[in-house]
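Tertiary structure, described
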Amino acid sequence: MSGEKESRRVERPTFNVQRSTSNQRNIEYRKRMTNNGKSIKNPPIPAFAGTCFTSGASQDGDDSMKKKINIGLIGYGFMGRTHSNAYCKVNHFFDLPYEPALHVVCGLEEDKAKAFADQWGYQSYTTDWRKVIEDDKVDLVDICVPNNVHAEIAMAAAKAGKTILCEKPLALNGKQAREMVDVIEKAGVPNMVSYNYRRVPAVTLAKQLIDEGRLGQIFHYRANFLQDWTISTQVPQGGMATWRLDVKAAGSGVTGDLLAHCIDTAMWHNGHIKSVCAMTETFVKERMHAETGKVEKVGIDDACMFMCRFENGSLGIAAYHF
Ligand SMILES: NC(=O)c1ccc[n+]([C@@H]2O[C@H](COP(=O)([O-])OP(=O)(O)OC[C@H]3O[C@@H](n4cnc5c(N)ncnc54)[C@H](O)[C@@H]3O)[C@@H](O)[C@H]2O)c1
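Since we're looking at a predicted model, the values are computed, not measured.

**Things to note about the overall build of the protein**
A tally of helices and strands in the protein yields 9 helices and 15 strands. Split into buried and exposed, the 322 residues of the protein put 35% on the buried side. Across the protein, every contact between residues at least 6 apart in sequence was considered, and the portion connecting residues at least 24 apart equals 66%.

**Concerning the pairing of strand 14 (residues 303-310)**
Every regular strand shows the same layout, with side chains that alternate between the two sheet faces. Sheet analysis places strand 11 (residues 273-281) next to strand 14, joined by 8 bridges and oriented antiparallel. In the strand pairing of strand 14, Ala 278 is matched with Phe 306. Joining the antiparallel neighbours strand 14 and strand 15 (residues 315-321) is a turn of 4 residues, in which Gly 313 adopts a positive phi near 95°.

**A short note on the site of the ligand**
Around the ligand lies a shell of 21 residues, among which Gly 75, Gly 77, Met 79, Gly 107 and Glu 167 are the nearest. In terms of residue count, helix 2 (residues 78-93) provides more of the shell around the ligand than any other element does, 3 residues in total. When its residues are assigned to classes, the shell around the ligand shows 11 nonpolar, 7 polar and 3 charged.

**Thoughts on the nonpolar core**
Core analysis: the biggest nonpolar cluster contains 41 residues, and Ile 74, Val 105, Cys 106, Val 141, Ile 143, Ala 154 and Ile 164 have the highest contact counts within it. Elements represented by at least two residues in this core include exactly strand 4 (67-74), strand 5 (98-106), helix 3 (110-120), helix 4 (129-134), strand 7 (140-143), helix 5 (150-159) and strand 8 (163-166). Other than its neighbours up to four places away in sequence, Val 141 contacts Gly 72, Ile 74, Val 132, Ile 133, Ile 153, Ala 157, Lys 162 and Ile 164. One finds Leu 258, Ile 263, Tyr 320 and Phe 322 within the second-largest nonpolar core, a separate group that totals 13 residues.

**What to know about the packing of helix 7 (residues 201-211) against helix 9 (residues 254-270)**
One way to put it is that helix 7 packs onto helix 9 with a least axis distance of 9 Å and a crossing angle of 30°. The orientation of helix 7 with respect to helix 9, classified from their angle, is roughly parallel. Listed contacts from helix 9 to Val 203, Ala 206, Lys 207 and Ile 210 of helix 7 are Thr 265, Trp 268 and His 269. A class-by-class count of the residues in the contact of helix 7 with helix 9 yields 4 nonpolar, 2 polar and 1 charged.

**With respect to helix 3**
What helix 3 keeps buried is the set Ala 113, Lys 114, Phe 116 and Ala 117. Looking straight down helix 3, one finds its buried side chains confined to an arc of 160°; they lie on one side. Summarising the geometry of helix 3, the exposed residues directed more than 90 degrees from the buried face are Asp 111 and Gln 119. Downstream of helix 3 by a residue or two, Gly 121 has a phi angle that is positive, lying close to 90°.

**A short note on unusual backbone geometry**
Put simply, Lys 168 and Pro 169 share a cis peptide bond, and its omega is -15°. Within the element layout of this structure, Pro 169 appears in the loop between strand 8 and helix 6 (174-187).

About the criteria used
Residues numbered from 1 in each chain as written. Predicted model: local features only at pLDDT ≥ 70, side-chain atom pairs only at ≥ 80, totals over all residues. Helix = DSSP H or I, 4+ residues; strand = E, 2+ residues; numbered from the N terminus. Buried ≥ 20, exposed ≤ 12 C-beta atoms within 10 Å, placed from the backbone. Contact = placed C-beta atoms within 7 Å. Pairing = 2+ DSSP bridges. Near = placed C-beta within 6 Å. Nonpolar A, V, L, I, M, F, W, Y, C, P; charged D, E, K, R; others polar. Core = buried A, V, L, I, M, F, W, Y, C linked by C-beta atoms within 7 Å. Axes fitted to C-alpha atoms, helices over the stretch in contact; angles between N-to-C directions. Parallel < 35°, antiparallel > 145°, perpendicular 65-115°, else oblique. Arc of directions from axis to C-beta.

Shown next, in the form of structure tokens:
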């Protein structure tokens, strides 16, 4: 099902882009974006200024007008809202040559997709993600759906030449992630996984301090991400609200959901990881499944303890709980 919204989106004016420092950095960045020495199609605009990608923009820095990037958002839940909010605000905060345009939103329930489109100003909505991929006007496919749907959408989007922003964790497992990366690299499309913690101001500041050598040599890296929302045995698994606790939809528990963020942040701060050792535990062994109503074995991990050795010789230790 798909539908055009009755009310039309109010067009925002476009602005001349000043030759500011950030714009200059964007231009320099694009010049650096190469694929084995060859220019890649539509290289991404860097995250100096949040998350913004190009769509068919000029590559030579001749940006006299903001270029529109038509967004095809798949998933109108928690992250769908968060990303939509960022698309609406990014041009107010940063001087970018590009302007996201909320083109189409997709989700499983038609009434919710329509309500989301109305609330945020998307021009249309659909319940079939394939329609987003087939839409020639869509420049960027933003994947904000449960983890088990990432791969199929991302690979189809890559084959259709779309720019891809995919939520973390990239895939259900390493094998699936490798397959996605191979397809996307072959397609040569700009792409990014939403490891947004890099842009938390304190995390960015820590990166600056490390890079400037102000912390000296790093010996220890510690990370904790502690939640407690799954501790009750009454929380079900599966369904729209608690798909994260269903291994078929999530792939893993806290390891993919939270540790993935912290591994990315750790590598960004402190370089590559050479070796790891970890243990996981599922404290609540059975939960009712929200879709079947039956008590079923839990396949995700509730907790993970993680130790690693970085290539720079430092040691990392981390604890995670849902
Ligand atoms: N980067 C972060 O900080 C962060 C935070 C939370 C979630 N996430 C990730 O974002 C993704 C989405 O999480 P969420 O919390 O927004 O989930 P959510 O449950 O709030 O929303 C999921 C959305 O996906 C839609 N959906 C499900 N299956 C679909 C399908 N087959 N086709 C089209 N739409 C479908 C649902 O209708 C719903 O709108 C997950 O991969 C999650 O790991 C990332």
